[in-house]
Amino acid sequence: MQSPLPRVPQQPAATRTEIDARLTVELASVVAGARRRALRDGDRQIDTAHLLHSLIESDPEVRAALGAGPQVARVLGYLVQRSIGYGLRWQGSVEDSGTVPVVRGTGVEVSGWSPSAAAAMEGAVERAHVRGDARAGGIDLLGRLAADQECRAVEVLERAGVDLELLGGRLAAG
């Protein structure tokens with residue numbers, strides 16, 4: 001018996017190797033840290049909060065872009081709370097800010113990334129290309145994370161009191 005629903009052709013997801021090849025060594029290290037954090041937290045996918053946490057821990061330019069030390073400490077405080085209360089509502093759910101289409105109910109995870117995190121990584125690469133760089137760095141990823149008003153990373157930044165307009169201005173000027 002044939003299915004009454006037409007088959008929708010899907011774009012193949014970028015593989016881990018393809019993504020990593022378009023990142024600086026430092027950003028590839030950030031991604032590896034986010035992957036470890038997701039596994040440790042029992043999350044099925046890397047999401048934008050994992051990426052933000054790893055970025056802040058690893059990249060001094062990202063910390064500088066966020067502003068003074070107390071601001072960074074507040075953001076890290078929210079990110080650390082993720083596993084002990086704040087963010088528990090995220091467990092078992094897929095982060096999807098609507099930036100990329102998601103096929104629901106397939107039971108297939110695409111590359112171990114939330115749709116929002118995958119879109120942020122692709123956007124970081126695009127941002128680097130616009131700047132004339134072949135590889136994306138931490139500031140590129142922070143810029144894309146901050147631009148997605150519906151992602152978990154922005155929720156954390158806003159709760160920690162980060163002025164996203166000011167952050168966007170700093171990133172554009174840098």
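Higher on the page you've got the structure.
Residues numbered from 1 in each chain as written. Predicted model: local features only at pLDDT ≥ 70, side-chain atom pairs only at ≥ 80, totals over all residues. Heavy atoms only, no water.

**Q** What's the story with the overall build of the protein in this structure? I'm lost.
**A** Helices and strands together make up the secondary structure of the protein, namely nine helices and zero strands. Tracing the protein from N to C terminus, the helices and strands come up as α-α-α-α-α-α-α-α-α. Relative to its 174 residues, the protein shows a buried fraction of 41%. (Helix = DSSP H or I, 4+ residues; strand = E, 2+ residues; numbered from the N terminus. Buried < 20%, exposed > 50% of the residue type's maximum accessible area, 1.4 Å probe, protein only.)

**Q** Can you help me understand helix H9 (residues 164–173) in this one?
**A** Structural remark: α-helix, 3.6 residues per turn; residues separated by three or four positions point the same way. Considered for burial, the residues of H9 that qualify are Leu164, Leu167 and Leu171. Seen end-on, H9 carries its buried residues on one side only, within an arc spanning 55°. Of the residues in H9, the exposed ones pointing more than 90 degrees away from the buried face are Glu165, Ala172 and Ala173. (Arc of directions from axis to C-beta.)

**Q** Would you explain the packing of helix H3 (residues 48–58) against helix H8 (residues 152–159) in this entry?
**A** Packed helices, taken two at a time, are described by their axes: the angle between them and the distance between them. Their axes nearest at 6 Å, the elements H3 and H8 cross at an angle of 60°. With respect to their mutual orientation, H3 and H8 come out oblique. Across from Thr48, Ala49 and Leu52 in H3, the residues of H8 making contact are Arg152, Ala153, Val156 and Leu157. Looking at the contact of H3 with H8 residue by residue, the classes come out as five nonpolar, one polar and one charged. (Axes fitted to C-alpha atoms, helices over the stretch in contact; angles between N-to-C directions. Parallel < 35°, antiparallel > 145°, perpendicular 65-115°, else oblique. Contact = heavy atoms within 4.5 Å. Nonpolar A, V, L, I, M, F, W, Y, C, P; charged D, E, K, R; others polar.)

**Q** Even after reading the chapter, I still don't get the nonpolar core, so can you show me in this structure?
**A** In this structure, Leu51, Leu52, Val75, Leu141 and Leu167 are the most contacted members of the largest nonpolar core, which totals 40 residues. Looking at this core, the elements with two or more residues in it are helix H2 (25–41), H3, helix H4 (60–66), helix H5 (69–81), helix H6 (115–131), helix H7 (138–147), H8 and H9. A per-element tally of this core places H6 first, with six residues. Apart from the residues lying within four places of it in its own chain, the contact partners of Val75 are Leu52, Ile56, Val156, Leu157, Ala160 and Val162. (Core = buried A, V, L, I, M, F, W, Y, C linked by side-chain atoms within 4.5 Å.)

**Q** Looking at this structure, how should I read the environment of Val75?
**A** Tracing the chain through its elements places Val75 in helix H5. Residues Val75 and Ile56, 19 residues apart in the sequence, show an inter-C-alpha distance of 8.8 Å.

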